[in-house]
Amino acid sequence: MTQKHRHEQTPQSVLEHKSQPLAHKHIYYQRLATTGGYALLIILIMLGLGAGGYHWLGRLTWVDAIYNAALILSGMGPVDILPNTAAKLFASAYAIVSGIVFIALIGLFLTPVFHRIMHRLHFEK
């Protein structure tokens, strides 16, 4: 087996090193689609967890539960008054976790954008 150069792209390295040429636009768009897909998957999982909690703990209908979970997840805030302590504690924890997830998803989705900008600024021809 031959030893790979340390900056050679491998399946584990998603982004090219600054010593490598800038990736083609189709690779960049593929990276955006991939990170967007991961972000969408995480949003759907969080929305499902939130809707389940509001439905079972908050005794809301599924439509109202999804509505409340979506508003919390997007940072807008709750709509319905919750009937018991367990539902209120769930809503508090869900709001905190949702805020952290929202910020993390922005970072995840924008990683290819910032990498391309930084790569373009530092790439020497």
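Fair warning: this is a prediction, and the values are worked out from it, not measured in the lab. (Residues numbered from 1 in each chain as written. Predicted model: local features only at pLDDT ≥ 70, side-chain atom pairs only at ≥ 80, totals over all residues. Heavy atoms only, no water.)

Enquirer: Mind laying out a nonpolar patch on the surface, listing which residues take part and the relevant values?
Expert: Residues W56, L57, W62 and I66 make up a contiguous nonpolar surface patch of roughly 440 Å² in combined accessible area. Here I66 shows up in helix α2 (residues 62-74). (Patch = residues over 30% accessible without salt bridge, like charges linked within 9 Å, V, L, I, M, F, W, Y side chains within 5 Å. Areas by Shrake-Rupley, 256 points an atom, 1.4 Å probe, with all protein chains shown as cover. Salt bridge = Lys/Arg side-chain N within 4 Å of Asp/Glu carboxyl O. Helix = DSSP H or I, 4+ residues; strand = E, 2+ residues; numbered from the N terminus.)

Enquirer: Before we move on, can you summarise the environment of K88 with the specific residues and values?
Expert: Looking at the element boundaries, K88 is found in helix α3 (residues 85-122). Judged by relative accessible area, K88 falls into the partly exposed class, the value being 47%. Considering only alpha carbons, one finds K88 and L57, 31 residues apart in sequence, at a separation of 8.7 Å. (Buried < 20%, exposed > 50% of the residue type's maximum accessible area, 1.4 Å probe, protein only.)

Enquirer: I'd like a rundown of the nonpolar core, residues and numbers included.
Expert: With 16 residues, the main nonpolar core has M46, Y54, A65, A69, L82 and Y94 as its most contacted residues. Residue assignment for this core shows that the elements contributing at least two residues are α1 (25-56), α2 and α3. With six residues, the top contributor of residues to this core is α3. (Core = buried A, V, L, I, M, F, W, Y, C linked by side-chain atoms within 4.5 Å.)

Enquirer: For the layout of surface pockets, give the residues involved together with the corresponding values.
Expert: Size it by volume and the largest pocket reaches roughly 160 Å³. Along its surface, the largest pocket is lined by V14, L15, I27, Q30, R31, T34, T35, Y38, L108, T111 and P112. Every element with two or more residues in the lining of the largest pocket is listed here: α1 and α3. Residue contributions to the lining of the largest pocket peak at six residues, all from α1. (1 Å grid on protein atoms, 1.4 Å probe; cavity = no way out; pocket = protein on both sides within 12 Å on 5 of 7 lines; lining within 4 Å. Points joined across faces, edges and corners; volume = space filled by probe spheres on them.)

Enquirer: If you had to explain the packing of aromatic side chains to someone new, which residues and values would you point to?
Expert: Considering all chains together, one arrives at five aromatic pairs under this definition. Taken together, a centroid distance of 5.6 Å and an interplanar angle of 85° make the contact between Y54 and F90 edge-to-face. You can see Y54 sitting in helix α1 and its partner F90 sitting in helix α3, a full 36 residues away along the chain. Accessibility assignment for this pair places Y54 and F90 in one class, buried. For the pair F90 and Y94, a centre-to-centre distance of 5.7 Å together with 15° between the ring planes defines the contact as stacked. Placement of both F90 and Y94 in helix α3 is noted, with a separation of four residues, approximately one turn of the helix. Taking relative accessible area as the criterion, Y94 reaches 5% and is therefore assigned buried. Members of the aromatic cluster, connected to one another through ring pairs, are Y54, F90 and Y94. (Phe/Tyr/Trp six-rings, centres within 6.5 Å; stacked < 30°, edge-to-face > 60°.)

Structural measurements only, silent on function.
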